[in-house]
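# Inside the fold
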Amino acid sequence: MEGIKLHYVESGDPSKPLMIFLHGFPEFWYSWRYQILEFKKDYWCIAVDMRGYGDSERVEDVSAYKLNLLIDDIKYLVKELGREKCILVSHDWGGAIANAIRNSYPEIVSALIMLASMSTAASIHEIWNNSKQFLMSWYFFLFRLPWLPEQFVSMNDLEIHDKILLVPGNTYVDKQDVECYKYWFCKPYALTPPINYYRANFDYIANDKYYKDNVPMLVVHAAKDLYINKTVLEAMKKQYEYIETVIVDGVGHALQQHDPDRINKIIRDFLAKNNL
């Protein structure tokens, strides 16, 4: 949908290659703070608040969060930024959207990095064919319901952010960081648009297309991820001719925040290998 207002944070030289960061649920641009600091030296970094999140426009209708509209948001953003191509760095739901952009518009993607994420086809296949992933995806089913998911996520002062982000012994995410998330998601109606991503995009049949486009693609899996099983990597390898996968030990779903030094090196090494 052309004309929707997207908020983003930028850093770096606009004459350098464009790197766009797409966050997941329940986050906003701030989840990329460590990557922005690292990559602004060599790239024009744009960290987006996805449709319905943060300071971006909140559309009311559930249908406004269909995947085809979410990918067009980023396609038009690249155009509005005056570029023909970009590097997509993504996490969670942002990864599903970035992957769909790569499938639909490979000509605008120089490279795709997906952190703790999976393609929609791999997600559908694993949920219905892998009992472990089915159980790990319990929230997919909960979030299809009306009003109840909003009540669940807002319980105990948005405790979901504490559970995802606060890890004993980790020094990269503290309570002040968590309060940044709670500040946004405690606002009236702030939870419904993000949850509408799940309501609008549930499916039973996976697309079995095989992609041969030579788009450099890296999928990084967190070994301690509570929401994505590592078997997703094998499912995705069956979809793409050009794909690399990495499993990072000792980290959970919010890996780019919990171990930014290691994740940034993985990203940088991948880009260097592909002359990007």
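From a predicted model like this one, the values you see are computed outputs, not experimental measurements. (Residues numbered from 1 in each chain as written. Predicted model: local features only at pLDDT ≥ 70, side-chain atom pairs only at ≥ 80, totals over all residues. Heavy atoms only, no water.)

## Here we look at the UniProt feature "domain: AB hydrolase-1" (unreviewed entry) in the chain
Here, the residues flagged by UniProt with the feature "domain: AB hydrolase-1" (unreviewed entry) are residues 17-256. A distance of 21 Å separates the end C-alpha atoms of residues 17-256, which is 42% helix and 14% strand. (UniProt positions renumbered as here; feature names shortened; annotations may be inferred. Helix = DSSP H or I, 4+ residues; strand = E, 2+ residues; numbered from the N terminus.)

## Concerning the side chain of aspartate 72
Along the chain, the position of aspartate 72 falls in helix H2 (residues 67-80). For the buried aspartate 72, no salt bridge exists, and the shortest N-O distance to an oppositely charged side chain is 5.1 Å, to lysine 75. Here tyrosine 105 takes part through its side chain, which lies 2.9 Å from a polar atom of the side chain of aspartate 72. (Buried < 20%, exposed > 50% of the residue type's maximum accessible area, 1.4 Å probe, protein only. Lys, Arg positive; Asp, Glu negative; His and termini not counted. Salt bridge = Lys/Arg side-chain N within 4 Å of Asp/Glu carboxyl O. Polar contact = N/O pair within 3.5 Å; in protein donor to acceptor, adjacent residues only side chain to side chain.)

## Concerning unusual backbone geometry
Glycine aside, residues mostly have negative phi angles, and peptide bonds mostly take the trans form. Across the junction of phenylalanine 25 and proline 26, the peptide omega takes the value -10°, indicating a cis bond. Mapped onto the elements, proline 26 comes out in the loop between strand S2 (18-22) and helix H1 (33-39). Positioned with a positive phi, asparagine 275 is a non-glycine residue whose angle comes to about 55°.

## With respect to the environment of tryptophan 93
Looking at where tryptophan 93 falls in the secondary structure, it is placed in helix H3 (residues 93-104). Taking C-alpha positions, tryptophan 93 is 6.9 Å from histidine 23, a pair spaced 70 residues apart along the chain. With sequence-adjacent residues up to four places away left out, tryptophan 93 is seen in contact with His23, Gly24, Phe25, Leu67, Tyr197, Tyr198 and Asn201. (Contact = heavy atoms within 4.5 Å.)

## Focus: the packing of H2 against H3
Where H2 meets H3, the axes come as close as 9 Å, and the angle between the chain directions of the two elements is 80°. Here H2 lies roughly perpendicular to H3, going by the angle between them. In this structure, H2 contributes Leu67, Leu70, Ile71 and Ile74 to the contact, and H3 contributes Trp93, Ile97, Ala100, Ile101 and Ser104. Along the lines of polarity and charge, the residues of the contact of H2 with H3 split into eight nonpolar, one polar and no charged. (Axes fitted to C-alpha atoms, helices over the stretch in contact; angles between N-to-C directions. Parallel < 35°, antiparallel > 145°, perpendicular 65-115°, else oblique. Nonpolar A, V, L, I, M, F, W, Y, C, P; charged D, E, K, R; others polar.)

## Observations regarding helix H8 (residues 175-185)
Buried within H8 are the following residues: Asp177, Val178, Tyr181, Lys182, Trp184 and Phe185. One side of H8 holds all its buried residues, which, seen down the axis, span an arc of 165°. Facing away from the buried surface of H8 by more than 90 degrees, the exposed residues are Lys175 and Gln176. Elements in contact with the buried residues of H8: H1, helix H7 (148-165), helix H9 (192-200) and helix H11 (255-258). The distance from a side-chain oxygen at the start of H8 to the backbone nitrogen of glutamine 176 is 3.0 Å, and the residue carrying that oxygen is aspartate 174. (Arc of directions from axis to C-beta.)

## Things to note about the pattern of salt bridges
Going through the model one piece at a time under the given rule, you end up with 13 salt bridges. A salt bridge links aspartate 73 to arginine 51, with the shortest nitrogen-to-oxygen separation between them at 2.7 Å. Residue aspartate 73 is found in helix H2, and its partner arginine 51 is found in the loop between strand S3 (44-48) and H2; the two are separated by 22 residues along the sequence. As far as the burial class goes, aspartate 73 and arginine 51 line up, both buried. Between glutamate 234 and lysine 237 there is a salt bridge whose closest N-O contact spans 3.3 Å. Residue glutamate 234 and its partner lysine 237 are both found in helix H10 (residues 231-237); the two are separated by three residues, about one turn of the helix.

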